[in-house]
Amino acid sequence: MDCLFCKIIAGEIPSEKVYEDGNVLAFKDINPQAPVHILVIPKTHIESADKITENNNSEVGAVFAAIPKIAAESGLTNGYRVVTNVGEDGCQSVKHLHFHILGGAKLGEKMA
Ligand code: AMP
Ligand code: ZN
């Protein structure tokens, strides 16, 4: 499958890993939009949040169980934002479900 993040999971494309377990990988965003900008992905290919179902939501649960650990390890003691873009209107550029962790500074109040 021609998926950038599946290639990162497979180690075919390098990434700056910050967390990994059996179900989840997290790595630094190549184009950071905050002092801390990490992408957290399930190791299973799910296209976007719009494709989460009863059959694959445990993968998403694993991602959310990892997020507090990643945040703590990244020093995000004063809060952070978790964002996922979906599809064309959501400006999703990589079609493998990913959650942006943004923090390290007071973020803008606007969500869009
Ligand atoms: P989105 O626009 O929500 O689909 O987010 C995709 C994110 O992936 C963007 O923030 C990109 O900067 C990031 N990105 C693209 N290629 C890479 C890569 N090879 N390593 C790390 N982050 C990447
Ligand atoms: Zn993928």
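Here goes a summary of the coordinates provided.

Cut-off values and rules
- Residues numbered from 1 in each chain as written.
- Chains lettered and ligands numbered in written order.
- Predicted model: local features only at pLDDT ≥ 70, side-chain atom pairs only at ≥ 80, totals over all residues.
- Heavy atoms only, no water.
- Near = heavy atom within 4 Å.
- Polar contact = N/O pair within 3.5 Å; in protein donor to acceptor, adjacent residues only side chain to side chain.
- 1 Å grid on protein atoms, 1.4 Å probe; cavity = no way out; pocket = protein on both sides within 12 Å on 5 of 7 lines; lining within 4 Å.
- Sits in = over half its atoms within 2 Å of the grid points.
- Helix = DSSP H or I, 4+ residues; strand = E, 2+ residues; numbered from the N terminus.
- Nonpolar A, V, L, I, M, F, W, Y, C, P; charged D, E, K, R; others polar.
- Buried < 20%, exposed > 50% of the residue type's maximum accessible area, 1.4 Å probe, protein only.
- Pairing = 2+ DSSP bridges.
- Phe/Tyr/Trp six-rings, centres within 6.5 Å; stacked < 30°, edge-to-face > 60°.
- Donors = N, O, S within 2.8 Å, 3.2 Å for Na, K, Ca; no water.
- Tetrahedral: all angles 85-135°; square planar, octahedral: opposite > 155°, others 65-115°.

## With respect to the site of ligand 1
As a structural note, the neighbourhood of ligand 1 is formed by 16 residues, with Asp29, Asn85, Ser93, His98 and His100 the closest of them. One of the backbone N or O atoms of Val94 is found 3.0 Å from an oxygen atom in ligand 1. Here an oxygen atom of ligand 1 and a side-chain polar atom of His100 are 2.8 Å apart. Of all the cavities here, the one that holds ligand 1 is the largest pocket. Those elements that place two or more of their residues in the shell around ligand 1 are helix H1 (4–9) and strand E2 (24–28). Among the elements that make up the shell around ligand 1, the one with the highest residue count is H1 (3 residues). Across the shell around ligand 1, the residue classes tally to 8 nonpolar, 6 polar and 2 charged.

## So, the pairing of strand E3 (residues 36–42)
Where burial is concerned, most of E3 is hidden: 7 out of the 7 residues are buried. In E3, alternate side chains face the same way, and those of Val36, Ile38, Val40 and Pro42 on one face and His37, Leu39 and Ile41 on the other are all buried. For E2 and E3, the ladder comprises 5 bridges, and the chain directions are antiparallel. Bridge pairing in E3 places Phe27 opposite Leu39. Note: E3 against strand E5 (residues 99–103), 5 bridges, orientation antiparallel. When the sheet's bridge partners are listed, Val36 is paired in E5 with Gly103.

## Some thoughts on the packing of aromatic side chains
Applying the stated criterion across every chain yields a total of 2 aromatic pairs. Ring geometry for Phe64 against Phe99: centres 4.9 Å apart, planes inclined by 75°, an arrangement best described as edge-to-face. Of this pair, Phe64 sits in helix H2 (residues 57–73) while Phe99 sits in strand E5; the two residues are 35 residues apart in sequence, bridging distant segments of the chain.

## Some words on the coordination of the zinc ion (ligand 2)
Angles at a metal have ideal values that depend on geometry: 109.5 degrees with four tetrahedral donors, 90 or 180 degrees with six octahedral donors. Distances from the zinc ion (ligand 2) to its protein donors, Cys3 (SG), Cys6 (SG), His45 (ND1) and His96 (ND1), fall at 2.0 to 2.3 Å. Around the zinc ion (ligand 2), the 4 donor atoms sit at angles spanning 104 to 116°, and that spread fits a shape best called tetrahedral. Mapping the donors of the zinc ion (ligand 2) onto the primary sequence gives the spacing C-x2-C-x38-H-x50-H. Of this pair, Cys6 sits in helix H1 while His45 sits in the loop between E3 and H2, and the two are 39 residues apart along the sequence. With a relative accessible area of 30%, His45 lands in the partly exposed category.

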